[in-house]
Amino acid sequence: MTAASLTTLSTVSYPFISDWLVALRALCTDEQLASLLERSHLSMGQGQSNDRVTLDQIVGLYQRAAVETGDEMMGLWSRPVRPRALQHLLTSVREATSLSSVLYRFSTFWNLLLDDYQLDLTETDDLLTLTLHPQGGAQIQRFGHMLILKLAHGLISWMAGHEVPVKHVGFAFARPNFDQDYAIIFPAPVSFGRKETSLTLRVNKISRVQVRSRADLDEFLQNAPRDWIFTRSREHTQSLRVRTYLSQTGWESANLAGAADAMNITPRTLIRRLKDDGTSFQAIKDGLRRDIAIRSLRAGLKSIEEIAQDVGFSSAANFHRAFQRWTGSTPSHYRSAPN
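For clarity, every value in this text was computed on a predicted model and none was experimentally measured.

A. Here's a closer look at the environment of Leu288. Mapping Leu288 onto the fold places it in helix 13 (residues 281–299). Judged by relative accessible area, which is 0%, Leu288 ranks as buried. Once the C-alpha coordinates of Leu288 and Leu114 are considered, the two residues, 174 residues apart in sequence, prove to be 38 Å apart.

B. Spatial organisation of the packing of helix 10 (residues 238–247) against helix 12 (residues 267–276). Running from N to C, helix 10 and helix 12 cross one another at 120°; their axes reach a closest spacing of 9 Å. Compared by their axis directions, helix 10 and helix 12 come out oblique. Contact residues: Gln238, Ser239 and Val242 in helix 10; Leu270, Arg273 and Leu274 in helix 12. Residue composition of the contact of helix 10 with helix 12, grouped by class: three nonpolar, two polar and one charged.

C. Quick look at the pattern of salt bridges. Applying the stated rule across the entire model yields 13 salt bridges. Among the salt bridges present, the one from Asp56 reaches Arg295, with a minimum N-O distance of 3.8 Å. One end of the pair, Asp56, is in helix 4 (residues 55–68); the other, Arg295, is in helix 13, with 239 residues separating them in the sequence. For Asp56, a relative accessible area of 39% translates into the label partly exposed.

D. Region of the structure containing the sheet that holds strand 4 (residues 127–134). Ordered in space as 3-4-7-5-6, the five strands form an open sheet in which the pairing is mixed. Here the strands that pair on one side only, and so sit at the sheet edges, are strand 3 (117–124) and strand 6 (190–191). Pairing of strand 4 with strand 7 (residues 197–202) involves six bridges; the strand directions are antiparallel. Across the sheet, residue Thr129 finds its bridge partner in strand 7, namely Thr200. The sheet contacts of helix 6 (residues 99–113) involve strand 3, strand 4 and strand 7, and relative to strand 3 the element is tilted by about 165°. Across the sheet, helix 7 (residues 142–160) touches strand 3, strand 4, strand 5 (166–170) and strand 7, and the angle it forms with strand 7 is around 20°.

E. Geometry of the packing of aromatic side chains. For the structure on display, the rule yields 20 aromatic pairs. Three or more aromatic residues joined by ring pairs make a cluster, and in this case those are Phe16, Trp20, Phe143, Phe171, Phe173, Phe178, Tyr182, Phe186 and Phe192. It is Arg289 that lies over the ring of Trp251; its NZ or CZ is 5.9 Å from the centre.

F. Region of interest: unusual backbone geometry. The amide bond that connects Ala224 to the next residue, Pro225, takes the cis arrangement and shows omega of 0°. Within the secondary structure, Pro225 sits in the loop between helix 9 (214–223) and helix 10. A positive phi angle, close to 65°, is found at His41, a residue other than glycine. Tracing the sequence through the fold places His41 in the loop between helix 3 (30–39) and strand 2 (52–54). Located in the positive-phi region is Met74, a residue other than glycine, with phi close to 50°. Tracing the chain through its elements places Met74 in the loop between helix 4 and helix 5 (85–93). Classification of Met74 by relative accessible area gives buried; the value is 0%.

G. Representation of the layout of surface pockets in the model. Here the second largest pocket defines a volume of roughly 340 Å³. Lining the second largest pocket are 17 residues, and of these Ala66, Glu72, Arg84, Leu86 and Leu221 lie nearest its centre. Those elements that place two or more of their residues in the lining of the second largest pocket are helix 4, helix 5 and helix 9. In terms of residues, the lining of the second largest pocket owes the most to one element, helix 4, which gives four residues. Here the lining of the second largest pocket is composed, by residue class, of 12 nonpolar, three polar and two charged.

H. Quick peek at helix 7. Here helix 7 spans 27 Å end to end across 19 residues, near enough to the 27 Å set by a 1.5 Å rise per residue. Of all 19 residues making up helix 7, 18 are buried, and the element is well covered by its neighbours. With a side-chain oxygen positioned 3.0 Å from the backbone nitrogen of Phe143, the residue opening helix 7 is Gln141. Just beyond helix 7, the residue with positive phi is Gly161, at close to 85°.

I. Structural detail: the pairing of strand 7. Counting buried residues along strand 7, five of its six residues qualify, which places the element largely inside the surrounding structure. The pairing of strand 5 with strand 7 spans four bridges and is antiparallel. Bridging from a neighbouring strand, Gly170 pairs with Ser198 of strand 7.

J. Seen up close, the nonpolar core. Membership of the largest hydrophobic core comes to 81 residues, with the highest contact counts inside it found for Trp20, Phe106, Trp110, Met146, Leu147, Phe171 and Tyr182. Considering every element that reaches this core, the biggest residue donor is helix 7, with 12 residues. Those residues within four positions of Phe106 in sequence are excluded, and the remaining contacts are Leu89, Val93, Leu119, Leu130, Ile148, Leu151, Ala152 and Leu155. Listed in part, the 28 residues of the second largest apolar core include Leu246, Phe281, Ile294 and Tyr334.

About the thresholds
Residues numbered from 1 in each chain as written. Predicted model: local features only at pLDDT ≥ 70, side-chain atom pairs only at ≥ 80, totals over all residues. Heavy atoms only, no water. Helix = DSSP H or I, 4+ residues; strand = E, 2+ residues; numbered from the N terminus. Buried < 20%, exposed > 50% of the residue type's maximum accessible area, 1.4 Å probe, protein only. Axes fitted to C-alpha atoms, helices over the stretch in contact; angles between N-to-C directions. Parallel < 35°, antiparallel > 145°, perpendicular 65-115°, else oblique. Contact = heavy atoms within 4.5 Å. Nonpolar A, V, L, I, M, F, W, Y, C, P; charged D, E, K, R; others polar. Salt bridge = Lys/Arg side-chain N within 4 Å of Asp/Glu carboxyl O. Pairing = 2+ DSSP bridges. Phe/Tyr/Trp six-rings, centres within 6.5 Å; stacked < 30°, edge-to-face > 60°. Lys NZ or Arg CZ within 6 Å of the ring centre and 35° of its normal. 1 Å grid on protein atoms, 1.4 Å probe; cavity = no way out; pocket = protein on both sides within 12 Å on 5 of 7 lines; lining within 4 Å. Points joined across faces, edges and corners; volume = space filled by probe spheres on them. Expected span 1.5 Å × (residues − 1). Polar contact = N/O pair within 3.5 Å; in protein donor to acceptor, adjacent residues only side chain to side chain. Core = buried A, V, L, I, M, F, W, Y, C linked by side-chain atoms within 4.5 Å.

Here's what the structure looks like:
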């Protein structure tokens, strides 16, 4: 399974997008918001901590809400970001000649548009750090902070032609109970409760960017945010390295000892490192099976019995019980969701 397919399979918890939905409520009537969610295959009735949101759902809601609200940041900042802003941003950065120039243009662009934050770029050795400085009593919007950092990382990776390594991500808000979702978004250690939100990238100061055509720009805009919202790097945490091992190994033969061997460490060391990540081998295995099952159920091409076998269950009944434990919903609920 490729990194791209692993990205497509990834899901985040419903609370991860809760700030975004609050921002949208301020821009829409109840009927408009319900329509946006329905067309993006989301529900007003969702919101439990074990509900899952797919990449397709995030992309669908983003693309519809950015157009229909007239704000390309969908209420996430105090001033609306008018239509075509992202297009102008790409037009500016695609003329940059270095990775540091890309981020300089990025920060300059947003500093013309944002009132509640100003972006500052610092460069030391082979590191670039982008920092959000609050202006006055700026309200912290968790999803907004995540999105602008991911846009910066997505743009610089697009210009470099590969996913640029991230050294660290820091957020100026307390650690949420869905903190593990950030490992799906950022290929780096993530910390919370920092003085300011920041993104630190590893770059070579003399490295040049790829020339991007108008067609490349149009494709980036058309796909947004699909190409940059979830990370494709699978090496930055022990948890995602285990997920990669599981995706390449049959369910019956996949075990902790095999994962440790694939990572060139002892099982005891892997257990300790996963505990440091706040997870376990079984939790990662269940998470991958859950995400594969959700995608198959939404596609509607296989029976529940076939999907149960695909994710390593000997019977549909066992799969049904496990799926309900993972998501709080039945497989039938996900299979009947509109596509």
